[in-house]
Amino acid sequence: MNFPEWMQHIQQRTERALEHCLPSKDLAPQRLHDAMRYSVLEGGKRVRPLLCHASGAVFGANAEALDTVGCAVELIHAYSLTHDDMPAMDNDVLRRGKPTCHIEFDEATALLVGDALQTLAFRLLASPLPDISETQQLTMVQLLADAAGSRGMAGGQAIDLASVGKRLTVAELEFMHLHKTGALIRAAVLLGAMCSKADATALDALGRYANRIGLLFQVIDDILDIEADTATLGKTAGKDVDNNKPTFCTLLGVAGAKTLASELRQGALSTLAELEKSGGECTRLRELTDFIVDRRH
Ligand code: GRG
């Protein structure tokens, strides 16, 4: 399979797995279930499940376990976007080319959608996984909890909200994004690898790789916020600048942000080269790294 075929294949199986794990909208409470499905299904690049599968492939993980783990991470991601779009946070009306959840439904429902998606993610990650011991699974549950919590994504979001109108240093901005965006991306990479026989050395290298692509993802997001239009992005373009938020482009200029992206890409690829020396198969991770850099939305 070439990369576009592989990507479509994983996106389709992720869509099926998400469809399967989400409660039917005919089930009470219908409005909440309808809104949960609205926030998760039919949209999104599924970068985090793709990373789970690509990372699992380095040392040959079971694909069904990767589907489950990828869905758990994607549900946390969908919850974070739903809450982030609400008036108390980023206050946006457009996500994935359609009205945000609180606009299509209402604020209280959007709040509950996020809550219910988060608990569903942990329900899923705690369900039996083929070829994975219960001890390993407990470690995986803890890893996702840490990545999503106050020392991870939620903490990064708190720093983000406190940074509006402030001039951060590049190091402070990197710290914020390593938490806000990077923590979940790192969890996707590590959880995928933990479904395989990856040893501590491999997990260490994959953690370093993930930190680089987590930042890379955000740097590209900042560049797209300036260079792409709302129709292509499927969300409001120019939002960060309008909201007076510090970004890699405001601190380094667009050219400086592009240089940083190129350095992070090189760093990520050299970590993969380390893994390949110890017998890892990193083709998909390498292709995904380039996809993150070259994406248009
Ligand atoms: C509310 C606790 C809490 C956290 C929110 C992720 C996040 C933290 C906020 C989203 C703000 C944002 C736009 C961050 C930039 C990076 C990012 C996560 C972009 C969206 O992810 P994609 O591009 O989205 O993977 P799709 O729609 O493809 O799934």
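Residues numbered from 1 in each chain as written. Predicted model: local features only at pLDDT ≥ 70, side-chain atom pairs only at ≥ 80, totals over all residues. Heavy atoms only, no water.

Draft legend 1. Spatial organisation of the site of the ligand. Neighbouring the ligand are 21 residues, the closest being K45, R48, H77, R96 and D221. One of the side-chain nitrogen or oxygen atoms of R48 is found 2.8 Å away from an oxygen atom of the ligand. The separation between an oxygen atom of the ligand and a polar side-chain atom of H77 is 2.8 Å. The fraction of the free accessible surface of the ligand (700 Å²) that becomes covered by protein chains is 92%. Residue assignment for the shell around the ligand shows that the elements contributing at least two residues are α4 (63-84), α8 (153-163) and α11 (200-227). Ranked by residue count, the leading element in the shell around the ligand is α4, at 6 residues. In the shell around the ligand, the residues fall into 6 nonpolar, 7 polar and 8 charged. (Near = heavy atom within 4 Å. Polar contact = N/O pair within 3.5 Å; in protein donor to acceptor, adjacent residues only side chain to side chain. Areas by Shrake-Rupley, 256 points an atom, 1.4 Å probe, with all protein chains shown as cover. Helix = DSSP H or I, 4+ residues; strand = E, 2+ residues; numbered from the N terminus. Nonpolar A, V, L, I, M, F, W, Y, C, P; charged D, E, K, R; others polar.)

Draft legend 2. Main features of the nonpolar core. Of all hydrophobic cores here, the largest spans 98 residues; its most connected members are L51, L75, I76, L117, L144, L191 and I213. When residues of this core are assigned to their parent elements, the largest contribution, 13 residues, is made by α11. Apart from residues lying up to four places away in sequence, L191 is in contact with V69, V73, M140, L143 and L144. (Core = buried A, V, L, I, M, F, W, Y, C linked by side-chain atoms within 4.5 Å. Buried < 20%, exposed > 50% of the residue type's maximum accessible area, 1.4 Å probe, protein only. Contact = heavy atoms within 4.5 Å.)

Draft legend 3. Inspection of the side chain of D222 at higher detail. The residue D222 is located in helix α11 in this model. Filtering out sequence-adjacent residues up to four positions away, D222 remains in contact with D240, T247, F248 and C249.

Draft legend 4. How the structure looks around the packing of helix α3 (residues 47-58) against helix α10 (residues 182-194). The contact between α3 and α10 brings their axes to 7 Å, and the two run at 35°. α10 is crossed by α3, and the crossing has right-handed handedness. Of the residues in α10, those in contact with R48, L51, C52, S55 and G56 of α3 are L184, I185, A188, V189, G192 and A193. Of the residues contributing to the contact of α3 with α10, the split by class is 7 nonpolar, 3 polar and 1 charged. (Axes fitted to C-alpha atoms, helices over the stretch in contact; angles between N-to-C directions. Left-handed = near helix turned anticlockwise from the far one by under 90°.)

Draft legend 5. Here's a closer look at unusual backbone geometry. A28 connects to P29 through a cis peptide bond whose omega is -5°. Assignment of secondary structure puts P29 in the loop between α1 (3-21) and α2 (30-40). The phi torsion at E42 lies on the positive side, around 50°, for a residue other than glycine. With respect to the helices and strands, the residue E42 is situated in the loop between α2 and α3.

Draft legend 6. Focus on α10. Between its first and last C-alpha, α10 extends 18 Å over 13 residues, near the 18 Å set by a 1.5 Å rise per residue. For α10, the buried fraction is high: 12 of the 13 residues fall into the buried class. The set of residues buried in α10 consists of G182, A183, L184, I185, A187, A188, V189, L190, L191, G192, A193 and M194. Buried residues along α10 sit in contact with α3, α4, α7 (134-148), α8, α9 (170-180) and α11. (Expected span 1.5 Å × (residues − 1).)

Draft legend 7. Fine view of the packing of aromatic side chains. Within the structure shown, the criterion is met by 3 aromatic pairs. Here the guanidinium or amino end of R48 rests over the ring plane of F217, the centre of that ring lying 5.3 Å away. Over the aromatic face of Y38 sits the side chain of K98, whose NZ or CZ is 4.2 Å from the ring centroid. (Phe/Tyr/Trp six-rings, centres within 6.5 Å; stacked < 30°, edge-to-face > 60°. Lys NZ or Arg CZ within 6 Å of the ring centre and 35° of its normal.)

Draft legend 8. Region of interest: the pattern of salt bridges. Tallied over the entire structure, the rule returns 18 salt bridges. Note that D106 is salt-bridged to R31, the shortest N-O span being 2.7 Å. In this pair, D106 is assigned in the loop between α5 (101-104) and α6 (107-125) and R31 in helix α2, connecting sequence segments 75 residues apart. Across the salt bridge formed by D160 and K180, the nearest N and O atoms sit 2.6 Å from each other. Taken together, the residues span a long stretch of sequence, with D160 in helix α8 and K180 in helix α9 at a distance of 20 residues. Classification of D160 as buried rests on a relative accessible area of 2%. Connected through salt bridges with shared partners, the residues E15, R46, E74 and R96 form a single ionic network. (Salt bridge = Lys/Arg side-chain N within 4 Å of Asp/Glu carboxyl O.)

Draft legend 9. Molecular detail of the environment of R123. Its place among the elements puts R123 in helix α6. Expressed as a C-alpha distance, the spacing of R123 and V141, which sit 18 residues apart in the sequence, is 9.6 Å.

Draft legend 10. Molecular detail of the environment of G234. With respect to the helices and strands, the residue G234 is situated in the loop between α12 (230-233) and α13 (239-242). On the basis of relative accessible area, G234 is assigned to the buried category, the value being 8%. A C-alpha to C-alpha distance of 25 Å links G234 and K25, two positions 209 residues apart in sequence. Once residues within four sequence positions are removed from consideration, G234 is found in contact with L94, R95, R96 and G97.

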